[in-house]
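Each chain, letter by letter, is given below.
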Amino acid sequence: MRTPPPPLLFAMLVLAAARPWCEPNTDAAGGCPGRAAADSATCVDLQLQTCSDASYNQTTFPTLLEHRSRAAVESSSEYVLLSVLHHLLEGQCNPDLRLLGCAVLVPRCEGGRARRPCRHVCEALRDACQPAFDAIDMAWPYFLDCGRYFVGQEEGCYNPLEKLRGGLDVVEEALPSGHPPTFLRFTHHSYAQMVRVLKQTAARCTHIAKTYSIGRSFDGRELLVIEFSSLPGQHELMEPEVKLIGNIHGNEVAGREMLIYLAQYLCSEYLLGSARIQRLLNTTRVHLLPSMNPDGYEVAAAEGAGYNGWTSGRQNAQNLDLNRNFPDLTSEYYRLASARSMRSGRVAIPQHYWWGKVAPETKAIMKWMRTIPFVLSASLHGGDLVVSYPFDFSKHPQEEKMFSPTPDEKMFKLLAKAYADVHPMMMDKSENRCGGNFLKKGSVINGADWYSFTGGMSDFNYLHSNCFEITVELGCVKFPAEEALYTIWQHNKEPLLNFVEMVHRGIKGVVMDKFGKPVKNARILVKGIRHDITTAPDGDYWRLLPPGSHIVIAQAPGYAKVIKKVTIPARMKSAGRVDFILQPLRIGPKTFLLGPRRSWPGGAGPHREPEDPSQEALGARRQPAAGGSKPWWWSYFTSLGQHQPRWLLKY
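What you are looking at is a predicted structure, and each value in this text was computed from that prediction instead of being measured. (Residues numbered from 1 in each chain as written. Predicted model: local features only at pLDDT ≥ 70, side-chain atom pairs only at ≥ 80, totals over all residues. Heavy atoms only, no water.)

J.: Describe the overall build of the protein, with residues and values.
T.: Scanning the protein for helices and strands turns up 16 helices and 20 strands. Carbon and sulfur atoms provide 52% of the accessible area of the protein, an area that totals close to 27500 Å². (Helix = DSSP H or I, 4+ residues; strand = E, 2+ residues; numbered from the N terminus. Areas by Shrake-Rupley, 256 points an atom, 1.4 Å probe, with all protein chains shown as cover.)

As structure tokens, this is what we get:
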């Protein structure tokens, strides 16, 4: 159930209802009838709380929407919308949309002249954010019409989001005198410092590194990734993709720092000619997301190392635990597991999941996974010293601790051991050390056998994509002192590299038709392992497999399946090449079905996905309004009376 608007917002709504207001028209200049903001203007100070972080500090009246004073703007339905949009969209497109709206509501004024925002900025943001509006059944706001209120660069427009970019495009800091470019500062990094280091690293290694954002946190911080590849920014045929994620819990900071250090190390070692690093980055695309929860980190960092509580800063700014916020596909997997021919693969996200509160950070990760065909992943945590692997949710929900393996149990154990076996403290034989209670298990444990929980990121990776993800607990101190960071790096550098190199275990190849055309979304099955993976858009695939002999099958709708036997030697450290050429079936369309057809309970089976899984919409999280009733968010505007923003309704 939705909570009513807070008291301060309610007062704003009442004030808005009392103010005169005019309906938007279709005038070419935009806004209500009357004189639009003139080219010649009197600049006044911008004093609006919702727009206080705009890239300018002066505006003019009347505005583009014919608001003639600050009070008129504050009491308008457009301003109320900008004030609550952050909450309605659950952090998506924040603060970008708010700043874009401010550029129209209170236009920039400088040198006695009002300036309009750039059309291309509006169009790019509309394309990115329209799905978020569709998800809550809200129309795109009329005053963000890119053709009416925005102009082209040839007309002297400005970018209203320039301040956001300015916070990221930081000047390179000089190294302490006498230190080489490879010097690492073993220190905690604020958000701005983290961004600076990642961008400086990418600038040093432009031929192999690039930074990009996968979205924003609830409070509007970029979720910044640095990638390393021989061709950064592109997926290369049969080059496997790996992601490492830190700081999913804001107060578990060691992983954040390890990935910042790793980024600098990879760049430096590549430039220095390290054969190992050059081989790795020339054959692998590595993505590092040091902080998945930058908002939570700010809370934890405010207390500082040694003073941080066990949970302070753990959640994101919505008070959500991000590692409990992913769809619970494991329960669905267990529900279907009794079917004899059931094979796990891309288990569909249940529609009811979107009716709950889904963090923008969670959505960003899911969208990232749809965009890139990840093969291997690790999530870096803190609070213990152990490596865990899926499933994290017990196959008997009432059991708090119960061994609950995936069909790929052998491979997951190999992946976990690849990290633990080269970590000096995880291999320390003292039971009194941090993580000593896992010593008999080799510092490796099945997640549910440790403790069971739902909504975890690792289970979601396995059941909704081709990606195998493990969880690494880096130590018993969640926010270690600065002087401990060098030692933690020394303990984890080799395990991180060794783990990433594991992406080259198993087999890889291309599935194509008889004309050499790639077949995307073809299924790769392994006899005896009831978990399938699918081919990427280019027809390439990667199947992590333990050593031994395997029967591998490739099949796709409309083609005859192809079966091959492959043997993977125990010491083989590069994936074996196994290609498949599929021949079209020559008989009726009924034989195109993948195996025997079944009626799954509820009309959805483990493979009831869209034809192209990458195109499935994320964020359709609200039940549609029934019988023509108003959507749930309309309650935020009911106090506006006759001035309610009916232009937000789609009907």
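Resuming the write-up.
J.: Which residues make up the sheet that holds strand β15 (residues 529-534), and what values go with them?
T.: Across the sheet, 4 strands lie side by side as β15-β14-β17-β18; this open sheet has antiparallel pairing. A single partner strand is all that each edge strand has here, and the edge strands are β15 and β18 (562-568). Averaged over all pairs of adjacent strands, the angle between their axes in this sheet comes to 25°, without regard to strand direction. Sheet topology places strand β14 (residues 523-526) next to strand β17 (residues 548-555); 4 bridges connect them, and they run antiparallel. The partner of Arg 523 across the bridge, within β17, is Gln 555. (Pairing = 2+ DSSP bridges. Axes fitted to C-alpha atoms, helices over the stretch in contact; angles between N-to-C directions.)

J.: Residue-level account of the packing of helix α3 (residues 77-88) against helix α4 (residues 96-105), with values.
T.: Close contact between α3 and α4 brings their axes to 9 Å; oriented N to C, the two are set at 165°. On the basis of the axis angle, α3 is roughly antiparallel to α4. Judged by the sense of rotation from one axis to the other, the crossing of α3 with α4 is left-handed. In this structure, α3 uses Glu 78, Tyr 79, Leu 82 and Leu 85 to contact α4, whose residues at the interface are Leu 97, Arg 98, Gly 101, Cys 102 and Leu 105. Taken together, the residues that form the contact of α3 with α4 break down as 6 nonpolar, 1 polar and 2 charged. (Parallel < 35°, antiparallel > 145°, perpendicular 65-115°, else oblique. Left-handed = near helix turned anticlockwise from the far one by under 90°. Contact = heavy atoms within 4.5 Å. Nonpolar A, V, L, I, M, F, W, Y, C, P; charged D, E, K, R; others polar.)

J.: Could you give an account of the pattern of salt bridges, naming the residues involved and the relevant values?
T.: Counted by the stated rule, this structure contains 25 salt bridges. Between Arg 285 and Glu 227 there is a salt bridge; the shortest N-O distance is 2.9 Å. One end of the pair, Arg 285, is in strand β8 (residues 285-289); the other, Glu 227, is in strand β6 (residues 222-228), with 58 residues separating them in the sequence. For the pair Arg 285 and Glu 227, a shared accessibility class is recorded, and that class is buried. Salt bridges linked by common partners bring Arg 108, Glu 110, Arg 115 and Glu 162 together as one network. (Salt bridge = Lys/Arg side-chain N within 4 Å of Asp/Glu carboxyl O. Buried < 20%, exposed > 50% of the residue type's maximum accessible area, 1.4 Å probe, protein only.)

J.: I'd like a rundown of the side chain of Ser 274, residues and numbers included.
T.: Checked against the element boundaries, Ser 274 lands in the loop between α8 (254-271) and α9 (275-283). By relative accessible area, which is 18% here, Ser 274 ends up buried. Looking at Ser 274, its side chain comes within polar contact range of the main-chain nitrogen of Ile 277, at 3.3 Å. (Polar contact = N/O pair within 3.5 Å; in protein donor to acceptor, adjacent residues only side chain to side chain.)

J.: So what about unusual backbone geometry? Which residues, and what values?
T.: Each neighbour pair has its own omega, and for Phe 61 with Pro 62 the value is 0°, a cis peptide bond. On the secondary structure map, Pro 62 appears in the loop between β2 (58-59) and α2 (70-74). Along the chain, Asn 94 connects to Pro 95 via a cis peptide bond; the corresponding omega equals 0°. Notably, Asn 521 is not glycine yet its phi reads approximately 60°, a positive angle. Considering the arrangement of structural elements, one finds Asn 521 in the loop between β13 (507-513) and β14.

J.: Please give an account of the packing of aromatic side chains that cites residues and values.
T.: Under the definition given, this model contains 30 aromatic pairs. The interplanar angle of 75° and the centroid separation of 5.9 Å between the aromatic rings of Phe 391 and Tyr 462 together place this pair among those described as edge-to-face. On the criterion of sequence distance, the pair formed by Phe 391 in the loop between β10 (384-389) and α13 (409-420) and Tyr 462 in helix α15 (residues 457-464) is long-range, its members being 71 residues apart. The residues Phe 391 and Tyr 462 share a single accessibility class, namely buried. Taken together through their ring pairs, the aromatic side chains of Tyr 333, Tyr 334, Tyr 389, Phe 391, Phe 393, Phe 412, Tyr 462 and Phe 468 make up a single cluster. One residue, Lys 564, lies across the ring of Phe 580, its end atom 5.1 Å from the ring centre. (Phe/Tyr/Trp six-rings, centres within 6.5 Å; stacked < 30°, edge-to-face > 60°. Lys NZ or Arg CZ within 6 Å of the ring centre and 35° of its normal.)

J.: So what about helix α12 (residues 360-371)? Which residues, and what values?
T.: Compared with an ideal rise of 1.5 Å per residue, which puts 12 residues at 16 Å, α12 spans 16 Å between its outermost C-alpha atoms and is within 8% of the ideal. Burial analysis of α12 places 10 of its 12 residues in the buried class, which makes it a mostly covered element. Among the residues of α12, Pro 360, Glu 361, Thr 362, Lys 363, Ala 364, Ile 365, Met 366, Trp 368, Met 369 and Arg 370 are the ones counted as buried. (Expected span 1.5 Å × (residues − 1).)

Take it as geometry only, folks, not as evidence of what the structure does.
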